[in-house]
Amino acid sequence: MNKSILSAFAAGLIFGLGLLVSGMANPEKVLAFLDLFGNWDPSLALVMVGAIGVGLPFFYFAKGRDVTVLGKQIQMPSRRDIDRPLVVGSLLFGIGWGLAGFCPGPAVVATGAGEIKAIVFTIAMLAGMGLFALVNRPGAARAAS
Amino acid sequence: MTIDWTAFTPWSALAGGAMIGLASALLLLLNGRIAGISGILGGLISRTPGETGWRAAFAVGLLIGPALWALFHALPPIRIEAGYPMLVAAGLLVGIGTRYGSGCTSGHGVCGLSRLSPRSLAATLIFMAGGFATVYVVRHLLGV
């Protein structure tokens, strides 16, 4: 098997197991974290602390490089502007996240766990992404912004 | 605001977070790509040439994690309170919103903050605020 396929698979696997260990894959726990004005469970703030704490030095290391040890081009996002799609899109995402307690990664993991409700959420999410791709495909009329 | 200390699980949250950070670092240092789940799934839908293999492999890894876990240990609880109409509405919002906003909790939250991107910081603050506000409205104003 191609090395870069294997490494992407391993990364996905570790990512998914991390979501399970952390509690992020449980919408009840996510909503308890988002319930800032109720009986607040701050645990998930520490998921971010753990993830960024580990990620930071590696991302810093990668910044000065062009290719990986597998010879792949390192693609770092270069945009720094805060535009309307970023703001509106993130807000819509936050509302959906608060309604169900699922963001994309945990939805896929809970789907893998065989949860019917997670499967329904994931299908709707993929439909939303497909809808977006359809509207934004090259040549499609762009919505006025 | 009161803190629910009985539900507080700092060590598993930190450990799981560290695994997520490690996975993101692996994908960056080996594949040269950002571990943004919405970007990976959205990319599978729009099928960029040459980018489908690694994306599919990552998604399969995410998907089979629970099955692998279940071979050794009972899965942790996954409790989903929302009803089906709510799940569909939420799924559509998350799907459209993450693509329009170029990222989610992983791409903007973990990877974006790890590379100190102001754009990702703004996105993260906005979707967190959206999540806090939505739960406030649903639980404390509508009382659902």
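Bear in mind that the values here come from a model prediction, so they are computed numbers and not experimental data. (Residues numbered from 1 in each chain as written. Chains lettered and ligands numbered in written order. Predicted model: local features only at pLDDT ≥ 70, side-chain atom pairs only at ≥ 80, totals over all residues.)

Enquirer: Can you explain the overall build of chain B? Please cite residues and give values.
Expert: In terms of regular secondary structure, chain B is built from 6 helices and 1 strand. When its helices and strands are written in sequence order, chain B yields β-α-α-α-α-α-α. Put simply, chain B has 144 residues, and 53% of those count as buried. Considering only intrachain contacts with a sequence separation of at least 6, the fraction spanning at least 24 residues in chain B is 41%. (Helix = DSSP H or I, 4+ residues; strand = E, 2+ residues; numbered from the N terminus. Buried ≥ 20, exposed ≤ 12 C-beta atoms within 10 Å, placed from the backbone. Contact = placed C-beta atoms within 7 Å.)

Enquirer: Help me get a handle on the environment of Gly91 of chain B, residues and values and all.
Expert: Secondary-structure assignment places Gly91 of chain B in helix α4 (residues 84-100). C-beta crowding within 10 Å serves as the criterion here: with 28 such atoms nearby, Gly91 of chain B is assigned to the buried category. Taking the C-alpha atoms as reference points, Gly91 of chain B and Trp54 of chain B, 37 residues apart in sequence, are found 24 Å from one another. Residues in contact with Gly91 of chain B, not counting those within four places in the same chain, are Phe121, Thr122, Ala124, Met125 and Gly128 of chain A.

Enquirer: Any details on the confidence of the model for chain B? Residues and values, ideally.
Expert: All names here are of chain B. In this model, chain B carries a mean pLDDT of 96, and residues with pLDDT of at least 70 account for 100%. Across chain B, the element-wise mean pLDDT spans from 92 in strand β1 (residues 2-3) up to 98 in α4. If you check the scores for this complex, the pTM reads 0.95 and the ipTM reads 0.96. (pLDDT = per-residue confidence, 0-100.)

Enquirer: Lay out the packing of helix α5 (residues 104-112) of chain A against helix α6 (residues 116-135) of chain A in plain terms, naming residues and giving numbers.
Expert: Residues and elements named next belong to chain A. At their nearest, the axes of α5 and α6 sit 8 Å apart, and the two run at 135° to each other. One way to sum up the angle between α5 and α6 is to call them oblique. As for the relative orientation of α5 and α6, their crossing is left-handed in sense. Only Ala118, Ile119, Phe121, Thr122 and Met125 of α6 make contact with α5, whose side of the interface consists of Pro104, Ala107, Val108, Ala110 and Thr111. In terms of residue class, the contact of α5 with α6 is built from 8 nonpolar, 2 polar and no charged. (Axes fitted to C-alpha atoms, helices over the stretch in contact; angles between N-to-C directions. Parallel < 35°, antiparallel > 145°, perpendicular 65-115°, else oblique. Left-handed = near helix turned anticlockwise from the far one by under 90°. Nonpolar A, V, L, I, M, F, W, Y, C, P; charged D, E, K, R; others polar.)

Enquirer: I'd love a proper account of the interface of chain B and chain A, names of residues and values included.
Expert: The interface of chain B with chain A comprises 105 residues on the first partner and 108 residues on the second. Elements that contribute at least two residues to the side of chain B that touches chain A include exactly β1, α1 (10-31), α2 (37-46), α3 (52-72), α4, α5 (105-114) and α6 (118-141) of chain B. The element contributing the most residues to the side of chain B that touches chain A is α1 of chain B, with 21 residues. For the side of chain B that touches chain A, the per-class residue count stands at 67 nonpolar, 30 polar and 8 charged. With 2 bridges joining them, strand β1 (residues 39-40) of chain A and β1 of chain B adopt parallel strand pairing. The residue bridging Trp40 of chain A from the neighbouring strand is Ile3 of chain B, located in β1 of chain B. (Pairing = 2+ DSSP bridges.)

Enquirer: Could you give an account of the nonpolar core, naming the residues involved and the relevant values?
Expert: In terms of nonpolar packing, the biggest core is built from 86 residues, with Phe121 of chain A together with Phe58 and Ala90 of chain B touching the most fellow members. By residue number, the principal contributor to this core is α1 of chain B, which donates 11 residues. Every residue in contact with Ala90 of chain B, bar those within four places of it in the chain, is listed here: Gly96, Leu99, Ala100, Phe102 and Phe121 of chain A together with Ala82 of chain B. (Core = buried A, V, L, I, M, F, W, Y, C linked by C-beta atoms within 7 Å.)

Enquirer: Got a sec to walk through α5 of chain A? Specific residues and values, please.
Expert: For α5 of chain A, the buried fraction is high: 9 of the 9 residues fall into the buried class. Those residues of α5 of chain A that fall on the buried side of the exposure criterion are Pro104, Gly105, Pro106, Ala107, Val108, Val109, Ala110, Thr111 and Gly112 of chain A. Elements in contact with the buried residues of α5 of chain A: α1 (3-22) and α6 of chain A together with α2, α3, α4 and α5 of chain B. Once α5 of chain A finishes, Gly114 of chain A follows within two positions and takes phi at roughly 85°, a positive value.

Enquirer: Please provide a residue-by-residue account of the packing of α5 of chain B against α6 of chain B, values included.
Expert: Residues and elements named next belong to chain B. Between α5 and α6, the least distance of the axes is 8 Å, while the angle of their chain directions is 145°. Where α5 crosses over α6, the handedness of that crossing is left-handed. Contacts between α5 and α6 involve His108, Gly109, Gly112 and Leu113 on the former and, on the latter, Ser120, Leu121, Ala123 and Thr124. For the contact of α5 with α6, a count of residues per class yields 3 nonpolar, 5 polar and no charged.

Enquirer: Hey, could you go over α5 of chain B for me, with residue numbers and the actual values?
Expert: For α5 of chain B, a buried count of 9 out of 10 residues is recorded, marking the element as mostly surrounded by other parts of the structure. The set of residues buried in α5 of chain B consists of Thr105, Ser106, Gly107, His108, Gly109, Val110, Cys111, Gly112 and Ser114 of chain B. Packing partners of the buried residues in α5 of chain B comprise α3 (43-63) and α5 of chain A together with α1, α2 and α6 of chain B. Immediately beyond the C-terminal end of α5 of chain B, within one or two residues, lies Leu116 of chain B, with a positive phi of roughly 55°.

Enquirer: For unusual backbone geometry, give the residues involved together with the corresponding values.
Expert: Residues and elements named next belong to chain B. Phi is positive for Ser102, which is not a glycine, with a value near 60°. Within the element layout of this structure, Ser102 appears in the loop between α4 and α5. Assessed through the 23 C-beta atoms surrounding it within 10 Å, Ser102 is described here as buried.

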